[in-house]
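Listed below, chain by chain, are the residues.
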Amino acid sequence: MLPHYYTDCIEAGCDEAGRGCLAGSVYAAAVILPRDYDNPLLNDSKQLTAKKRYELRKVIEHDAVAWAVGIVTPEEIDEINILHASFLAMHRALDQLKVRPDKLIIDGNRFDPYVPIADEACQPRQKRVFPKRDGRQPLPYQCIVKGDGKYEAIAAASILAKTFRDDYMDELDRKYPVYGWKKNKGYPTRQHRMAIRDHGVSPYHRKTFNLLGDLQPTLFENIE
């Protein structure tokens, strides 16, 4: 795991969680680690046990120069599509950082350029994917395929995004236990799709997604 991609600036790593789910918000995190930071336990969140992810979350929250989590709702996902929603969640996380980065490293192969919000507009952006620039320029960035397994800041962001989203899905599971969200976290398991077929959709399902897969009964008869 490499400590930094850029060596001459303040760098923030970004990653998302929940992009492939049928239900729930998409979460993203942005993390700035100290210049000389090195934690050999950091890794892609998918390669870690749940226990290890939560242990590392505490370490990241304590050690990071700055960190934040951004959220985009199912309704917004349906409005702007999941790809742009994932990037908007990253933008919202970046908006909340207490230290402004100079450059970004992004997990994946695409990104919507990020224009920092003006100092006088401290609230994270709402539904705008591309904010009015007012002469401000996007931050330089580098997309890195499988970056969460290569760079510590992206790995840290993947852990925060995953654990905060898991907490959110566990809370939703208490309201809608029929879908098994505590176990599947909203991903398209067969059990999840069968529950949609049998019980209809919840207010948290992404209506523009193929919710049933190869199961075909009338989907929207039992909307709650």
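Residues numbered from 1 in each chain as written. Predicted model: local features only at pLDDT ≥ 70, side-chain atom pairs only at ≥ 80, totals over all residues. Heavy atoms only, no water.

**Some details on the overall build of the protein**
A count of helices and strands for the protein gives six helices and five strands. N-terminal to C-terminal, the α/β element order of the protein is β-β-α-β-α-α-β-β-α-α-α. Taken over 224 residues, the protein has a buried fraction of 54%. Sequence separation of at least 24 residues holds for 68% of the intrachain contacts in the protein that already meet a minimum separation of 6. Put simply, the protein shows about 10900 Å² of open surface, and 52% of that area lies on carbon and sulfur atoms. (Helix = DSSP H or I, 4+ residues; strand = E, 2+ residues; numbered from the N terminus. Buried < 20%, exposed > 50% of the residue type's maximum accessible area, 1.4 Å probe, protein only. Contact = heavy atoms within 4.5 Å. Areas by Shrake-Rupley, 256 points an atom, 1.4 Å probe, with all protein chains shown as cover.)

**Brief notes about the packing of aromatic side chains**
Under the criterion given, the structure shown has nine aromatic pairs. Aromatic side chains Y5 and Y6 sit 4.9 Å apart centroid to centroid with 80° between the ring planes, which places their arrangement in the edge-to-face category. Accessibility expressed as a relative area gives 13% for Y6, which makes it buried. In this arrangement the basic side chain of R57 is found over the ring face of F164, its NZ or CZ atom lying 4.1 Å from the centre. (Phe/Tyr/Trp six-rings, centres within 6.5 Å; stacked < 30°, edge-to-face > 60°. Lys NZ or Arg CZ within 6 Å of the ring centre and 35° of its normal.)

**Structural notes on the nonpolar core**
With 39 residues, the main nonpolar core has V31, L33, L42, I60, I105, W181 and I196 as its most contacted residues. Breaking this core down by element, the ones donating at least two residues are β2 (26–32), α1 (50–63), α4 (152–175) and α6 (190–199). Once you skip the residues sitting within four places of it in the chain, I60 turns out to touch V31, L42, W67, A156, I159 and L160. Formed by 27 residues, the second largest nonpolar core is a distinct cluster that contains A30, A85, A93 and L97. (Core = buried A, V, L, I, M, F, W, Y, C linked by side-chain atoms within 4.5 Å.)

**Regarding the environment of L212**
Relative to the assigned elements, L212 resides in the segment after α6. According to the relative accessible area criterion, L212 is buried, its value standing at 6%.

**Here we look at the pattern of salt bridges**
This model, assessed by the stated rule, comprises 12 salt bridges. The residue D167 makes a salt bridge to R57 at a minimum N-O spacing of 3.0 Å. With D167 in helix α4 and R57 in helix α1, the pair connects residues that are 110 residues apart, well separated along the chain. Judged by its relative accessible area of 30%, D167 is partly exposed. Its relative accessible area of 15% is what places R57 among the buried residues. The residue D166 makes a salt bridge to K162 at a minimum N-O spacing of 3.2 Å. With D166 and K162 both in helix α4, this residue pair falls four residues apart, about one helical turn. A relative accessible area of 6% places D166 in the buried class. (Salt bridge = Lys/Arg side-chain N within 4 Å of Asp/Glu carboxyl O.)

**Describing the side chain of E152**
Turning to its location among the elements, E152 is positioned in helix α4. Buried and unpaired, E152 has R35 as its nearest opposite-charge partner, separated by 9.8 Å. Aside from chain neighbours lying at most four places away, what touches E152 is M1, L2, P3, L33, Y37, D38, N39, P40 and L42. (Lys, Arg positive; Asp, Glu negative; His and termini not counted.)

**Focus on the sheet that holds β2**
Spatial ordering of the open sheet is given by β3-β2-β1-β4-β5, a layout of five strands whose pairing is mixed. Edge positions in the sheet fall to β3 (66–72) and β5 (141–144), since each of these pairs with one other strand and no more. The sheet shows a mean angle of 20° between the axes of neighbouring strands, direction not considered. With seven bridges connecting them, β2 and β3 associate as antiparallel partners. From the neighbouring strand, Y27 faces β3, where its bridge partner is I71. Contacting β1 (11–17), β2, β3 and β4 (103–107), helix α3 (residues 82–96) runs over the sheet at an angle of about 145° to β3. (Pairing = 2+ DSSP bridges. Axes fitted to C-alpha atoms, helices over the stretch in contact; angles between N-to-C directions.)

**Re α1**
At 3.6 residues per turn, the α-helix brings residues three or four places apart onto the same side. For α1, which comprises 14 residues, the first-to-last C-alpha distance of 20 Å matches the rise-based estimate of 20 Å (1.5 Å per residue) to within 8%. For α1, the full list of buried residues reads R53, L56, R57 and I60. Viewed along the axis of α1, the buried residues span an arc of 120°, placing them on a single side of the element. Of the residues in α1, the exposed ones pointing more than 90 degrees away from the buried face are K51, K58 and H62. (Expected span 1.5 Å × (residues − 1). Arc of directions from axis to C-beta.)

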